[in-house]
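Each chain is listed here by its residues.
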Amino acid sequence: MQLLEQRILQNGNVLGENILKVDSFLTHQVDYQLMKEMGKVLADAYRDKGITKVVTIEASGIAPAIYVAESLEVPMIFAKKHKNITMTEGILTAEVYSFTKQVTSTVSIASKFLNENDHVLIVDDFLANGQAAKGLIEIIQQAGASIAGVGIVIEKSFQDGRQLIEDLDVPVSSLARIEKFENGQVVFKEADL
Ligand code: G4P
């Protein structure tokens, strides 16, 4: 998506070897107009697929996911990373290991929000090692629901996430795909959308 690539070039900062800082429009301050455009493009790719729910993981997945859900006119559910005292009923959980933070966290969704009649689109801000998306796939499968695909805002194609998810037979569509960072600059490869 050209608009997103331009914005990354304009406002993204490469940190160290492999981190892209996009806190001015995606992961901290949120540009809702850009989110809305991105939400529509991701939604259009899945519009005729019978999606009933959009699922993401807190925190930074929520902003793009809500606009995809709005465009598809379905609910958005975000997996929680911390147990909440109000989550007293059945919960579906998966262990997610973060290579970046080197910690494993248990992510959860209340079982009442997903069932075998659901056809789910997963949305997330970054696809790096794919552990977050893999955890969401496990949770959705526990609920007996089916998965149409994973829609990603920024994919770091030099990491293993896409392969991991495609090996689970789940298609991945990314709005921007980063081939590499070169001298502090972002080099894109052709995006899916
Ligand atoms: P994964 O998300 O594909 O499983 O990979 P990884 O374990 O490497 O990522 C851990 C966290 O770091 C994720 O956020 C992910 O979105 C984020 N991340 C990975 N690469 C980048 C990057 O280049 N730039 C930025 N800004 N973030 C990156 P999280 O900790 O789960 O959550 P949150 O920040 O949404 O709360």
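Residues numbered from 1 in each chain as written. Predicted model: local features only at pLDDT ≥ 70, side-chain atom pairs only at ≥ 80, totals over all residues. Heavy atoms only, no water.

Under an unreviewed UniProt entry, the name given to the chain is Xanthine phosphoribosyltransferase, and the source organism is Streptococcus danieliae. Under the UniProt heading Sequence similarities (unreviewed entry), the note attached to the chain is "Belongs to the purine/pyrimidine phosphoribosyltransferase family. Xpt subfamily." As its UniProt record puts it under Subunit (unreviewed entry), the chain is described as follows: "Homodimer." (UniProt positions renumbered as here; feature names shortened; annotations may be inferred.)

Student: Lay out the sheet that holds strand 10 (residues 185-189) with the relevant residues and their values.
Tutor: Strand order in this open sheet of six strands is 4-3-7-8-9-10, and the pairing throughout is mixed. Here the strands that pair on one side only, and so sit at the sheet edges, are strand 4 (76-79) and strand 10. Ignoring which end each strand starts from, the neighbouring axes of this sheet average 30° apart. Note that strand 3 (residues 53-57) and strand 7 (residues 119-127) share three bridges and pair parallel. Counterpart to Val-55 in the pairing with strand 7 is Ile-122. Packed on one face of the sheet, helix 1 (residues 2-11) meets strand 8 (146-156), strand 9 (172-182) and strand 10 and runs near 165° to strand 10. (Pairing = 2+ DSSP bridges. Helix = DSSP H or I, 4+ residues; strand = E, 2+ residues; numbered from the N terminus. Axes fitted to C-alpha atoms, helices over the stretch in contact; angles between N-to-C directions. Contact = heavy atoms within 4.5 Å.)

Student: Residue-level account of the pairing of strand 10, with values.
Tutor: Residues Val-186 and Phe-188 line the buried face of strand 10, whereas the alternating positions Gln-185, Val-187 and Lys-189 sit on a face that is not buried. Two successive antiparallel strands, strand 9 and strand 10, enclose a turn made up of two residues, where Asn-183 displays a positive phi of approximately 50°. (Buried < 20%, exposed > 50% of the residue type's maximum accessible area, 1.4 Å probe, protein only.)

Student: Could you give me a rundown of the site of the ligand, with the residues and numbers involved?
Tutor: Surrounding the ligand, one finds 20 residues, the nearest of these being Leu-20, Thr-100, Lys-101, Gly-130 and Lys-156. The backbone of Ala-128 places a nitrogen or oxygen atom 2.9 Å from an oxygen atom of the ligand. Here an oxygen atom of the ligand and a backbone polar atom of Gly-130 are 2.7 Å apart. For the ligand, the accessible surface in isolation is 710 Å², of which the surrounding protein chains cover 84%. Breaking the shell around the ligand down by element, the ones donating at least two residues are strand 2 (19-21), strand 7 and helix 4 (131-142). The element best represented in the shell around the ligand is strand 7, accounting for three residues. A per-class count over the shell around the ligand returns eight nonpolar, seven polar and five charged. (Near = heavy atom within 4 Å. Polar contact = N/O pair within 3.5 Å; in protein donor to acceptor, adjacent residues only side chain to side chain. Areas by Shrake-Rupley, 256 points an atom, 1.4 Å probe, with all protein chains shown as cover. Nonpolar A, V, L, I, M, F, W, Y, C, P; charged D, E, K, R; others polar.)

Student: Which residues make up helix 4, and what values do they have?
Tutor: Between its terminal C-alpha atoms helix 4 stretches 17 Å, which fits the 16 Å expected from 12 residues at 1.5 Å a residue. For helix 4, the complete set of buried residues consists of Gln-131, Ala-133, Gly-135, Leu-136, Ile-137, Ile-139 and Ile-140. Looking one or two places after helix 4, you find Gly-144, whose phi comes out positive at around 80°. (Expected span 1.5 Å × (residues − 1).)

Student: So, the UniProt feature "binding site: xanthine" (unreviewed entry) in the chain: which residues are in play, and what are the values?
Tutor: Mapped onto this numbering, the UniProt entry annotates "binding site: xanthine" (unreviewed entry) at Leu-20, Thr-27 and Lys-156. Note on placement: Leu-20 falls in strand 2. Residue classification places Leu-20 among the buried positions, given a relative accessible area of 6%. In this structure, Leu-20 is in contact with Ile-8, Gly-12, Asn-13, Val-14, Phe-126, Ile-154, Ile-178, Phe-181 and Val-186, ignoring residues within four places of it in sequence. If you trace the backbone, Thr-27 turns up in the loop between strand 2 and helix 2 (32-46). Those residues in contact with Thr-27, other than ones at most four positions away along the chain, are Val-22, Ser-60, Asp-125 and Phe-126.

Student: Break down the packing of aromatic side chains for me, with residues and values.
Tutor: Inspection of the entire model under this criterion finds two aromatic pairs. Ring geometry for Phe-158 and Phe-181: centres 5.5 Å apart, planes at 70°, overall edge-to-face. One end of the pair, Phe-158, is in the loop between strand 8 and helix 5 (161-166); the other, Phe-181, is in strand 9, and 23 residues separate them in sequence. (Phe/Tyr/Trp six-rings, centres within 6.5 Å; stacked < 30°, edge-to-face > 60°.)

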